[in-house]
Amino acid sequence: MPLLAAYAGTRGAPRLLLAALLFGWGGDVLLLSDADPAFLAGMACFAAGHVCYLALFLRHGAPHARARLLAPVYAVALAATVALLWPDLPADLRVPVAGCSILLTAMAYGAATRLGPRAAAGGALFMLSDTLIATGVADWPQPPRPDLWIMLTYAAAQFLLVQGALDERPATATAYREVRSTTP
C-alpha cells in the first residue's frame, strides 16, 4: 500500500485517496497479528479507509443512472453475507464484522455508481477479499492457500480503486482570475 500511495501521490491523488490507502496499510499491518485486539484495530483501520473512499466518491456528483438497478444487488449481497456468516462468527466479532461489512458495501456501491468500471471492479474485489477473511474467521472451508487469494484480490481491488479514482477525478472549478472577460 505504501508503494501504491506513492504512485497515486505522484499522479496528484486527492488526500482522501491517499488517506484510504494509508488506513488500508495500517489494517494490513494489524491483521498480521493473530491477537483479537489487533484484528479489531485492523478492522477499524479498514473502516476508516472505507469512509475516506466514500467521502471521495461523494465528490463525484450524482450517482449514475444504474444506481437504482445496483442498489438491490448490493443490499442483497450485504444481507446474505452477514446472515450466513453471523452464526459461525465469534460472538465478540459479529457486530464489528457486520458494521465493517456495511461500510465496505457502501464503498463498493459508491465506486460502482459514481465512478467507472475500474473502480466498480475494485469495489467488488474488495468485497470478495473481505468475504474470504470473514469466512476464515467463521471457520468455513477455505480455498487452497487462502492468504494468497485474499492478498491478490485485495491488492487488485486497491489498484483498481486508485485507477478508477484517478481516471474519474471531478473537474475543478476555474479560478476567478483565470476567467477571461468577453466584454470590452
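For the structure itself, look to the data block above.
Residues numbered from 1 in each chain as written. Predicted model: local features only at pLDDT ≥ 70, side-chain atom pairs only at ≥ 80, totals over all residues. Heavy atoms only, no water.

> With reference to specific residues and values, describe the side chain of Thr-113.
You can see Thr-113 is positioned in helix α5 (residues 91-114). By relative accessible area, Thr-113 is classed as buried at 1%. Setting aside residues up to four positions removed in sequence, Thr-113 forms contacts with Pro-63, His-64, Ala-67 and Leu-70. (Helix = DSSP H or I, 4+ residues; strand = E, 2+ residues; numbered from the N terminus. Buried < 20%, exposed > 50% of the residue type's maximum accessible area, 1.4 Å probe, protein only. Contact = heavy atoms within 4.5 Å.)

> Could you give an account of unusual backbone geometry, naming the residues involved and the relevant values?
Despite not being glycine, Asp-139 has its phi angle at roughly 60°, a positive value. With relative accessibility at 69%, the residue Asp-139 sits in the exposed group. For Arg-145, which is not a glycine, the phi torsion comes out positive at approximately 55°. By the element assignment, Arg-145 lies in the loop between α6 (117-137) and α7 (146-167). Given the relative accessible area of 62%, Arg-145 is considered exposed.

> For the environment of Pro-63, give the residues involved together with the corresponding values.
Along the chain, Pro-63 turns up in the loop between α3 (36-58) and α4 (67-85). Excluding residues that lie within four positions of it along the chain, Pro-63 makes contacts with Thr-113 and Arg-114.

> Before we move on, could you go through the packing of aromatic side chains and cite the residues and values that matter?
Within this structure, the stated rule accounts for five aromatic pairs. Aromatic pair Tyr-74 and Tyr-109: ring centres 5.7 Å apart, planes at 75°, arrangement edge-to-face. Of this pair, Tyr-74 sits in helix α4 while Tyr-109 sits in helix α5; the two residues are 35 residues apart in sequence, bridging distant segments of the chain. By relative accessible area, which is 13% here, Tyr-74 ends up buried. An aromatic cluster is present here, built from Phe-46, Phe-126 and Tyr-154 joined pairwise through their rings. (Phe/Tyr/Trp six-rings, centres within 6.5 Å; stacked < 30°, edge-to-face > 60°.)

> Just give me the short version of the side chain of Thr-105, but keep the residues and values in it.
Its location among the elements puts Thr-105 in helix α5. One polar contact links the side chain of Thr-105 to the main-chain carbonyl oxygen of Ser-101, over a distance of 2.8 Å. (Polar contact = N/O pair within 3.5 Å; in protein donor to acceptor, adjacent residues only side chain to side chain.)

Read these as geometric descriptors, not functional statements.
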